[in-house]
Structure formats: C-alpha cells, structure tokens
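# Descriptive analysis of the structure
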There are 2 protein chains.
Amino acid sequence: MFDFTFHNPTKIIFGAGKETLIGSELHTAGINRVLLVHGRNSVVKSGLLDRVMASLKAGNIECTPFGGVVSNPLLSHTREGVALAKREKVEAILAVGGGSVLDEAKAIAVGALSDEDVWQFFVAKEVERALPLFTVLTLAATGSEMNGNSVITNAETRQKYNISSPHVYPKVSILNPELTHSVPPDYTAYSAVDAIAHVIEGYFTKQPGTHLQDRLVEGIIKTVIETTDLIMADPGHAKARASFMWTATLALNGLTPAGIGAYSFPNHMIEHALSAIYNIPHGAGLSIVMPAWMKWYLAKNPSQFARFAKEIFGLASGEAGIDALEKWFVTIKSPVRLAEVDIPATDIEAIAENAEGLARQWGIDGLYPKETIAEILRLAV
Amino acid sequence: MFDFTFHNPTKIIFGAGKETLIGSELHTAGINRVLLVHGRNSVVKSGLLDRVMASLKAGNIECTPFGGVVSNPLLSHTREGVALAKREKVEAILAVGGGSVLDEAKAIAVGALSDEDVWQFFVAKEVERALPLFTVLTLAATGSEMNGNSVITNAETRQKYNISSPHVYPKVSILNPELTHSVPPDYTAYSAVDAIAHVIEGYFTKQPGTHLQDRLVEGIIKTVIETTDLIMADPGHAKARASFMWTATLALNGLTPAGIGAYSFPNHMIEHALSAIYNIPHGAGLSIVMPAWMKWYLAKNPSQFARFAKEIFGLASGEAGIDALEKWFVTIKSPVRLAEVDIPATDIEAIAENAEGLARQWGIDGLYPKETIAEILRLAV
C-alpha cells in the first residue's frame, strides 16, 4: 500500500427508468438552464431524448440541445459546444449518451468557464473550474460517468489527448442498464475490452504486493468475462447487462488504483495513437494492443502474469494467461491483429511516432521510446 | 443486480503523517471553530493530539477539546458533547480516534443542530441535517470513517441503536496506518472480525446471482485474513497494517451492497444486544454470534455457503467453511462461545428479548422472533 487520496463525489442512480429523475436532480441542485449534449440519432430514435426532455420540463429546467457528438469525439465539435454554452449562459451540462458524449460534455464544461481555447487544457493548462456536469449513460464502457477523465481528438494535429481533473466528476450519473440492451455485439465486445484494459494497466505496471487491489481487479475482470459471454448469447440478458454496466463503472472510478502507488497506462498510450490516426473504436484498438503489450511486458513482471493466469483462467503460466485472454477477444470478435482493422505493418513507424507524443506527456517516454512502441506493435502484425 | 443509489462523498487522505493536514483541510472548507472529540488517554500519550492541535493552530482553527468517549459510546456522554458544541457555537466536529469516537462525533454533529434530544434520532426521527464532520482515524474496524452510520448505547434502557444518514458522512477522513501499529492483538482480532461481519451480512442474506459483489466481498475477506495473520506475527508489519486499514474502510462504505437488493444485518442485531447488556467489545461479540448464526442459516442458503467455503478456504462444503472461519477466530484469539466472555447460558432469554427490540426496529422480527434468536445463541453455548 502507498499513500493516496480518494475522493469520488459522484452520485450514482442505477436502475430501469431512472432517467426520468434527471429533472428533479437538476432542480434539487439549483440548476435552471442546461446544455444537453448528445450524439447522433440513436437517442432520438429510441425515445430516450423525449423522456429526458419531459423530465427536464417537469423540473422547470430550460434546455439547449447540442447533438452530433461522434465516437472519438472531436475538438472542433467541442469548440462549437463551448461557444453555444457561453452564448446560452447555461448553468450546467447534461450529457445523454456513451463515453464519447460524456467526455465531450466534460470538455465543454471546462471550456465554458474559460477565455482560453479549450484545447489548452489538454496540452498545457490545469483545469481550475468547470460547469457542473450531469449524465444519463447509454453505453457501459469508459467509466466516464464516475471519474474526472475526458479524452478528445484534435483531428488537425492527430492528437488524442486527455484531461484528468476533480472538477469534471459528474455531480449525478444515471445508469439505466435497459438502455444498453440495444448495444450491438461489436460494441459490447469493445466495451468489455475497454473495461478490462482500464484495470490491467495498474495491475501489471504497479509494484507487487497490493493484494486487496489485485483481488478487486480480478473480480472485475472475471465479472466482465462472465457477463459478456452471457450477453453475447442473449443480448437482452437483463442481469448480465446490469452487472456489466456497474462493473465497467467500477473499473475506472479510482477504486482499483487507490493505494497501489505509481503505475502507467502504456496500452492506452499506444491505442490513442491508433484511434487518433485511423478512427477505429477504442476497444478494438485495445484488443489489438493489449496482447502484444502483454507479450512484451511478461518478462518484466512474471509473477503478476502468473497470478493473472491462475486467478482469471485457472492456468499455470503467464504465457497461457495472455494466450487465453487473446483467444477470448477472438471469441467475442474483437480484433487482435492490425490487419483486421486494415492497418498495414508499414504504418507502424508513423503510429509509434504519434504515440511517443503522448508517452512524453504522460512521462513514460523513458520506458517507451518510439522504437519500443514499434517493437510492441510488431507483435500485433 | 437490483436498483440502487450510491453516493459516498467522503474524501480519504491515506498515508503516514497525514494527520498534519487536518488544519488545512478544515481551513479550505471554511471552518473556523471545531469541537475535537476524542477518547481517553491513548491519543494524548501517543502525541497524536498534540500534532492535531498544532495542525489546527497552523490553520487558524479554534478548538474545544471534548475527551472521554468510551468503546460502545454512551448516550449520556453524547448529550454532554451536544451541549458543549451548542455552547461553544462550533462549526464542525473533528473526531480523533477509533470507531466509537467517530460514532459519538456523528451523533454530536446531529444533536448540535437540533432542539430535540439526540436519542430521538436513534429511535424515532429522521436526521435532516448535521454539522460537518472531519475525522482522524486511529483504529481500523468499523468503517465509520467513510459511511453515514453511528451506533450509540443508551445505558439506562440498555439499547444499542443506530442512525444511518447521508448527513453524517465525514467530509474528510485522514487514515494514517502507522497510528494503528500500537493496536494490541486482542483489538486487532476484534477489528478483523468486525470487518468480516460487515461484508458477510449482505453476502449471505441477499438474493443469489450478484457475482461482482460476491467477488468484492471475497476479496475483502481474503485480505482481512491474510493481513491479520501477518499483523499477529509482526504487529509493526507496515504493509499489512495499511492494507488492513483500507480493507476495513471498504468493508462498510456502501460498495459491497450496491446493487445486491434487500439484505439484513442479523449478526449485528444479535451482537448489539450482547454488548448493550455486557459491554463486551463489538468484535468479540460478533465472533461468538457469527459461527452460531451461520450454522443456523446454512440450510437457508446452501449454495452461497458452498461458494464461501470454496472461495475463502478452498474447501468443499458449507459446513467446512463455517468450521474454518470459527477455527480462524480461535487462532486469532477472538472468543467463539458465550462462556469465554462470562455470559451464562441462563442469560440467553434476556439477550434474545433485548435483541428483539432491534429486530423490530430493523424490520426483521418476522424472521427473528425472540425464540429464534435464543435458538441461535444456544449454538454459541
């Protein structure tokens, strides 16, 4: 155990139909006027947006809709949202959607209270304040509903960068697992990969000996695998969808790293470069990067890989554990090789160069110079 | 998974020497004047109170000390604290001590803002507000540092009753595991029992099928057992003390029951009667009650007992799991029979009668009429 501060003030309201409480939650918080950030058509078609609007109306909350968020959300669109939030003088941001919508809403919440261009907070400046954020989640994956992270892509510079600040924890997040029943198998798989990726970064790169946190991580991974298999067999499996949703939240809400000391996010560092350049889904990128990185990292922490193999798969060697995880990614149809998402091996140098920028920002360029990143990526050819 | 609301806003600051931050935390929160609640001599002798006072002085916080909290904290002393808090017009309560001190501080925080007698909130009234509470924890056991619970004993009526309210979550809790190195073996054992008791209530009495929460509980129990064994062999084992401390916090901070639906606290219900009448340590009472209750409850949830035996002890039957837990209590020298704490079997009827009052308050008197409570207690003779 190492020193830590844990402070996660987000209120989670979990259950079927709970999105109808959003109006009263905003009202209780003294909010009168929100920017409602959402994606493209699905929340309109499903009727969710209408239900949310009706709840806002019942709570006397004025609402300016701002749609069009895409997955791997874009800086250009974020800037439009910031301008609109300022013009409409909204008092809070309400995000209705998946992790991309939530991440962009967080960036808008920061930009709305600043005269700086919002990108400055991703590359240079510390976040000092933000509008309060409320969310209605429609996709379980990123954990954005209960953390202070936001990842935005600058398409001009091909940088997929993040902010991480206590000021952008949602005040209230509503998780209705029924909203995730329509998530198709491919995105269900990518979500599972993402949740696993969130916990294995700390699990393998920290110092050994923090068994409580190891057990929390193992419990999360086993539950992700168990529930994903159930969902793949039956997309409407209510218990599995619900369990998966809460598990994905706990995978990145600060619980598993509390007390583990220093650790790093090499898989996310490499994957951000992949999806910044090729705009592939984050989870698809991660299922390619993770087995490759694990094969490369195995020798640096053999005892933890042996533990992983035993606890997760009941297997006797680190290699077997990595192999079992990769095979599981294959069974849920998430890609494990670059060619599966049409990235040619000849692009590896360019990806490694892009990733190195993030490695520098995150302070892990010493262990991950671009030659090393390229070496890891070649294991995914 | 069942519907739930999870909202735990307590900020945890964990690490050696962190108690010196209390002054600046209070200052940042805009507090100028606190009632400092503590126990008897140990925090004075150890120098902790001096360090806390120095930190308050550096933060320009005025402080009224209020010592003398005993384990199984008393209503009479709580009333004195309420009167003092009102007289001194303090703006917050600062608790420095273990779970008893924190529980009494919570009750004072409630009473200080009410014209009602504070006991009313334990037997009849809903808590609607409380002074903000800050804590420096010296004993890992009750989880009071990160929850909204307070248990107080009314010595006149022999009632050990509780409040449970979002208004008494501490704002900030400082956990310095080094402060627990001097906890003697008996109280270390009682603390371990208490932490296990906190998670097994939900684990066995909920509906089956919430595997994520099962795994969180199993991770907590395995870590409690592992770290307690290390501490018993070496009381200054810093890593084990630290891990134990955080594990005890997570055992009762709302994480493990989130999503499990309805469950009950029968072991605590029975134990509160024991310690209300005999003033034995809570953990000592629990290690007597738990194996007895488990033997009685086994037939009502055999699959979960089988799971418990397999996951915690690698054993093949529910009976074997209960037996292994009882034997472990014996190895750490926590009592498992009434006679070990000098309670004669002839008192069982009186204990059952006392416990029935709490069973009624908690709404479980249907399953636990006094005859049943007596039947369970006879398994601990």
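The rules behind each value
Residues numbered from 1 in each chain as written. Chains lettered and ligands numbered in written order. Predicted model: local features only at pLDDT ≥ 70, side-chain atom pairs only at ≥ 80, totals over all residues. Helix = DSSP H or I, 4+ residues; strand = E, 2+ residues; numbered from the N terminus. Rg over C-alpha atoms; globule rule 2.2 N^0.38 Å. Buried ≥ 20, exposed ≤ 12 C-beta atoms within 10 Å, placed from the backbone. Contact = placed C-beta atoms within 7 Å. Pairing = 2+ DSSP bridges. Axes fitted to C-alpha atoms, helices over the stretch in contact; angles between N-to-C directions. Expected span 1.5 Å × (residues − 1). Arc of directions from axis to C-beta. Domains from an automatic or database assignment. Nonpolar A, V, L, I, M, F, W, Y, C, P; charged D, E, K, R; others polar. Least-squares fit on C-alpha atoms with pLDDT ≥ 70 in both. Parallel < 35°, antiparallel > 145°, perpendicular 65-115°, else oblique. Core = buried A, V, L, I, M, F, W, Y, C linked by C-beta atoms within 7 Å.

Our next topic: the overall build of chain A. Helix and strand counts for chain A come out as 15 helices and 9 strands. Taken over the C-alpha trace, chain A has a radius of gyration of 20 Å; the compact-globule value for 381 residues is 21 Å, and the two agree within 12%. Expressed along its principal axes, the backbone C-alpha trace of chain A runs to roughly 60 × 45 × 45 Å. Burial statistics for chain A: of 381 residues in total, 56% are counted as buried. Taking as baseline every contact in chain A between residues at least 6 positions apart, the subset at least 24 positions apart corresponds to 79%.

What follows deals with the sheet that holds strand β9 (residues 172–175) of chain B. Across the sheet, which stays open at both edges, the 7 strands sit in the order β1(A)-β2(B)-β9(B)-β6(B)-β5(B)-β3(B)-β4(B) with mixed pairing between neighbours. Only two strands of the sheet have a single neighbouring strand rather than two, namely β1 (4–6) of chain A together with β4 (62–66) of chain B. This sheet shows a mean twist of 15 degrees between the axes of neighbouring strands, independent of strand direction. Strand direction decides the pairing type here: strand β3 (residues 33–38) of chain B and β4(B), joined by 5 bridges, are parallel. Residue pairing in the sheet places B:Leu36 in a bridge with B:Pro65 of β4(B). Where helix α5 (residues 99–111) of chain B meets the sheet, its contacts fall on β3, β5 (92–97) and β6 (133–137) of chain B, and the angle it forms with β5(B) comes to roughly 170 degrees.

Of the residues lining the interface, 27 residues belong to chain A; the matching set on chain B comes to 27 residues. Contributing elements (two or more residues each) for the side of chain A that touches chain B: β1, β2 (11–14), α8 (211–233) and α9 (238–250) of chain A. A total of 8 residues in the side of chain A that touches chain B trace back to one element, the largest contributor, which is α8(A). In this sheet, strand β2 (residues 11–14) of chain B lies alongside β1(A) in antiparallel orientation, the contact comprising 3 bridges. Along β2(B), the bridge assignment pairs A:Phe6 with B:Ile12.

On to helix α13 (residues 318–331) of chain B, then. Residues and elements named next belong to chain B. With 14 residues, α13 ought to run about 20 Å at 1.5 Å a step, and its terminal C-alpha atoms sit 20 Å apart, in line with that. Restricting attention to buried positions, one finds in α13 the residues Gly 318, Gly 321, Ile 322, Leu 325, Trp 328 and Phe 329. For α13, the arc enclosing every buried residue in end-on projection is 120 degrees, short of the 170-degree limit, so these residues lie on one face. Counted as exposed and oriented over 90 degrees from the buried face of α13: Lys 327 and Thr 331. In this fold, the buried residues of α13 make contact with α7 (185–205), α8 (211–233), α11 (282–297) and α12 (302–313).

Our next topic: the sheet that holds strand β1 (residues 4–6) of chain B. Strands belonging to one sheet form pairs held by backbone hydrogen bonds; the direction of such a pair is parallel or antiparallel. On the basis of which strands lie adjacent, the open sheet formed by 7 strands has the order β4(A)-β3(A)-β5(A)-β6(A)-β9(A)-β2(A)-β1(B) and mixed pairing. The open sheet has two free edges, formed respectively by β4 (62–66) of chain A together with β1 of chain B, since each of these has just one partner strand. For this sheet the average axis-to-axis angle between neighbouring strands, irrespective of direction, equals 15 degrees. Packed onto the sheet, helix α4 (residues 75–87) of chain A meets β3 (33–38), β4 and β5 (92–97) of chain A and runs at close to 165 degrees relative to β3(A). Packed onto the sheet, helix α5 (residues 99–111) of chain A meets β3, β5 and β6 (133–137) of chain A and runs at close to 170 degrees relative to β5(A).

So, on to the domain arrangement of chain A. Residues and elements named next belong to chain A. We note that the domain assignment places domain 1 (11–179) and domain 2 (183–378) within chain A. Of note, the centres of domain 1 and domain 2, computed from C-alpha atoms alone, are 26 Å apart. Each side of the interface is counted separately: domain 1 has 18 residues, and domain 2 has 28 residues. The residue makeup of the side of domain 1 that touches domain 2, split by class, is 8 nonpolar, 7 polar and 3 charged.

Attention shifts here to the pairing of β6(B). Along a regular strand, successive side chains alternate from one face of the sheet to the other. Residues and elements named next belong to chain B. Counting buried positions along β6 yields 5 of 5 residues, so the element is predominantly enclosed. Side chains of β6 alternate between two faces, with Leu 133, Thr 135 and Leu 137 and Phe 134 and Val 136 buried alike. By the bridge criterion, 5 bridges tie β5 to β6 in an arrangement that is parallel. Paired with Ala 95 across the bridge in β6 is Thr 135. Here β6 runs beside β9; their pairing, made up of 4 bridges, is parallel. Residue pairing across strands places Leu 137 opposite Leu 175, the latter belonging to β9.

A few words on the relation of the copies chain A and chain B. Rotating chain A by 180 degrees and moving it 0.0 Å along the rotation axis overlays it on chain B with an RMSD of 0.0 Å. In short, the pair behaves as if placed about a two-fold rotation axis. Taking C-alpha positions as the reference, the residue of chain A nearest the rotation axis is A:Pro9, at 2.1 Å.

It is worth spelling out unusual backbone geometry at this point. Residues and elements named next belong to chain A. Of note, the phi angle at Lys 89 is positive, near 50 degrees, even though the residue is not glycine. Checked against the element boundaries, Lys 89 lands in the loop between α4 and β5. At Arg 158, a residue that is not glycine, the phi angle is positive and equals roughly 55 degrees. The topology assignment puts Arg 158 in the loop between β7 (149–154) and β8 (159–164). Using a count of 13 C-beta atoms within 10 Å as the deciding quantity, one classes Arg 158 as partly exposed.

A few words on the environment of A:Thr346. All names here are of chain A. Considering the arrangement of structural elements, one finds Thr 346 in the loop between α13 (318–331) and α14 (348–361). Overall, Thr 346 belongs to the exposed group, with 7 C-beta atoms counted inside 10 Å. It is 38 Å that separates the C-alpha atoms of Thr 346 and Leu 250, two residues lying 96 residues apart in sequence.

Next up on the list: the packing of helix α7 (residues 185–205) of chain A against helix α10 (residues 266–278) of chain A. Residues and elements named next belong to chain A. Axis separation between α7 and α10 bottoms out at 8 Å; the angle between their running directions is 135 degrees. If you check the angle between α7 and α10, you find them oblique. When α7 is examined against α10, the residues Ala 197, Glu 201 and Thr 205 are found in contact with a partner set consisting of Pro 266, Asn 267 and His 268.

Soluble globular proteins: nonpolar side chains tend toward being buried together. In terms of nonpolar packing, the biggest core is built from 253 residues, with A:Val37, A:Ile93, B:Val37 and B:Ile93 touching the most fellow members. Here A:Val37 is in contact with A:Phe66, A:Val69, A:Gly81, A:Ile93, A:Leu94, A:Ala95, A:Val101, A:Glu104, A:Ala105 and A:Ile108, once residues within four sequence places are set aside.

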